[in-house]
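Topology and contacts: notes
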Amino acid sequence: MLSKSQAKIFFLGGTGVFTAAFLALTFDTHRKVPAQTRQANITPAVDRGKHIWEDNNCMGCHTLFGEGAYYAPELTKAVERRGKPWLKMFLKDPEAMFPNDRKMVNYHFNDAQIEDVIAFLEWCGNVDLNGFPAKPPLAEKMKATSAAPVVTTKPVPAIFDMMACRGCHSLGGQGGMAGAALGAPPLDDVYKRKNKAELAAWISDPAKVKPDTKMPKIPLTPAQLEEIVTFLSSLGN
Ligand code: HEC
Ligand code: HEC
């Protein structure tokens, strides 16, 4: 049995120790915040992007850092997962990117606003979250479907990244993350399946060739289309 004064000392001592631990841990957390959030990377564009994020209540559907609503995809690693060119096209016209599939709201953002949103999401993706979000359990399987059977070593023209093709299709063993779940094949050996005319017809309007396709119609100039078709069909030589 403790005497009254022993109980008092026990109470005060215990409270003192745990208050000290609480203060030390709080101080330690605050000391680490600037490094973990990569505070130095918060540019004016990131700041503007965050305001766009808040003003439009994106969190009403999406989660960011795991917080928000569970209707739409978690966006912390959106830039890493999709790549900037894909996101740029998606935010400009979300429906066009998912033909025959789910749809996101079209906010009719202008190009500058889209750059800001992407800058904000990129900053989010670089915050040190101790490993959150975990890699999806299917990530390895999805990788296997996009492993190119014939990996070209020819330099891939910039247009493939600029127009988001490599976001969905792997080429030269790179890319394909955004298209793995849609069944977008690697393009290294597409010359075996489609000749030049077929490639041009497909790429300029996929749904005209296959109405239920999941490949979006990408706005290309005739010169860009020509460059892509010429490159893809040259891979067999
Ligand atoms: C009404 C619900 C809703 C709201 C609000 C919303 N989104 Fe979405 N978003 C979706 C859905 C659903 C998808 C999944 C793509 C699809 O099926 O079209 C999506 C997909 C995305 C993607 C692509 C993610 C990926 O990896 O595929 C990005 C980026 C995105 N939204 C950004 C935003 C931003 C930025 C805002 C706010 C300006 C916003 N969303 C507001 C429903 C919403
Ligand atoms: C949003 C993802 C997405 C993007 C972006 C995309 N594709 Fe596709 N693509 C697909 C899917 C999915 C298929 C398979 C379609 C099917 O069979 O219905 C496909 C099929 C193809 C095929 C036919 C492949 C074959 O084996 O016959 C070619 C060629 C192609 N895409 C080229 C391109 C080019 C070039 C671009 C960029 C201008 C591009 N794609 C952008 C998703 C995408």
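Residues numbered from 1 in each chain as written. Chains lettered and ligands numbered in written order. Predicted model: local features only at pLDDT ≥ 70, side-chain atom pairs only at ≥ 80, totals over all residues. Heavy atoms only, no water.

Details of the site of ligand 2
Neighbouring ligand 2 are 23 residues, the closest being Cys165, Cys168, His169, Arg193 and Met215. Lys194 is positioned such that a nitrogen or oxygen atom in its side chain is 2.8 Å from an oxygen atom of ligand 2. In the environment of ligand 2, an oxygen atom lies 2.8 Å from a nitrogen or oxygen atom belonging to the side chain of Thr213. Among the secondary structure elements, those contributing two or more residues to the shell around ligand 2 are α9 (165-168) and α10 (196-204). Looking at which element gives the most residues to the shell around ligand 2, the answer is α10, with three residues. In terms of residue class, the shell around ligand 2 is made up of 17 nonpolar, three polar and three charged. (Near = heavy atom within 4 Å. Polar contact = N/O pair within 3.5 Å; in protein donor to acceptor, adjacent residues only side chain to side chain. Helix = DSSP H or I, 4+ residues; strand = E, 2+ residues; numbered from the N terminus. Nonpolar A, V, L, I, M, F, W, Y, C, P; charged D, E, K, R; others polar.)

Quick word on the coordination of the iron atom of ligand 1
Listed as protein donors to the iron atom of ligand 1 are His62 (NE2) and Met104 (SD); their distances from the metal cover 1.9 to 2.0 Å. For the iron atom of ligand 1, the six donor atoms in the first shell make angles of 80 to 179° at the metal, so the coordination geometry reads as octahedral. Here Met104 lies in the loop between α5 (94-97) and α6 (111-126) and His62 lies in the loop between α2 (44-55) and β1 (63-64), a separation of 42 residues in the sequence. (Donors = N, O, S within 2.8 Å, 3.2 Å for Na, K, Ca; no water. Tetrahedral: all angles 85-135°; square planar, octahedral: opposite > 155°, others 65-115°.)

Describing the domain arrangement of the protein chain
Its domain assignment divides the protein chain into domain 1 (39-126) and domain 2 (139-234). One C-alpha centre belongs to domain 1, the other to domain 2, and the line joining them spans 24 Å. Three residues stand out in domain 1 for area buried against domain 2, namely Met89, Pro99 and Asn100, and they jointly supply 40% of the buried area on that side. The interface formed by domain 1 and domain 2 contains zero salt bridges. (Domains from an automatic or database assignment. Buried area = accessible area lost by both parts, 1.4 Å probe. Salt bridge = Lys/Arg side-chain N within 4 Å of Asp/Glu carboxyl O.)

Some thoughts on the environment of Lys217
Within the secondary structure layout, Lys217 lies in the loop between α11 (206-209) and α12 (222-234). On the basis of relative accessible area, Lys217 is assigned to the exposed category, the value being 52%. Note: C-alpha distance between Lys217 and Ser204 (13 residues apart in sequence) is 6.7 Å. Lys217 has contacts with Ala96, Ser204, Asp205 and Pro206, leaving out every residue within four places of it along the chain. (Buried < 20%, exposed > 50% of the residue type's maximum accessible area, 1.4 Å probe, protein only. Contact = heavy atoms within 4.5 Å.)

A few points about the packing of helix α4 (residues 84-92) against α6
It is the contact of α4 with α6, at a shortest axis distance of 10 Å, that shows an interaxial angle of 130°. If you check the angle between α4 and α6, you find them oblique. Relative to α6, the crossing made by α4 is right-handed. Of the residues in α6, those touching α4 at Lys84, Leu87, Lys88, Leu91 and Lys92 are Asp111, Ile114, Glu115, Val117, Ile118 and Glu122. (Axes fitted to C-alpha atoms, helices over the stretch in contact; angles between N-to-C directions. Parallel < 35°, antiparallel > 145°, perpendicular 65-115°, else oblique. Left-handed = near helix turned anticlockwise from the far one by under 90°.)

Focus on the coordination of the iron atom of ligand 2
Protein coordination of the iron atom of ligand 2 is provided by His169 (NE2) and Met215 (SD), with donor distances spanning 1.9 to 2.1 Å. In this structure, the iron atom of ligand 2 is coordinated by six donor atoms arranged in octahedral fashion, with angles at the metal of 86 to 178°. You can see His169 sitting in the loop between α9 and α10 and its partner Met215 sitting in the loop between α11 and α12, a full 46 residues away along the chain.

Considering the packing of α10 against α12
The N-to-C vectors of α10 and α12 enclose an angle of 135°; their axes lie 10 Å apart at closest approach. Accordingly, the angle class assigned to the pair α10 and α12 is oblique. Here α10 runs over α12; the crossing is right-handed. Judged by residue contacts, Lys196, Leu199, Ala200, Ile203 and Ser204 of α10 engage Leu225, Ile228, Val229, Thr230, Leu232 and Ser233 from α12. Here the contact of α10 with α12 is built from residues that sort into seven nonpolar, three polar and one charged.

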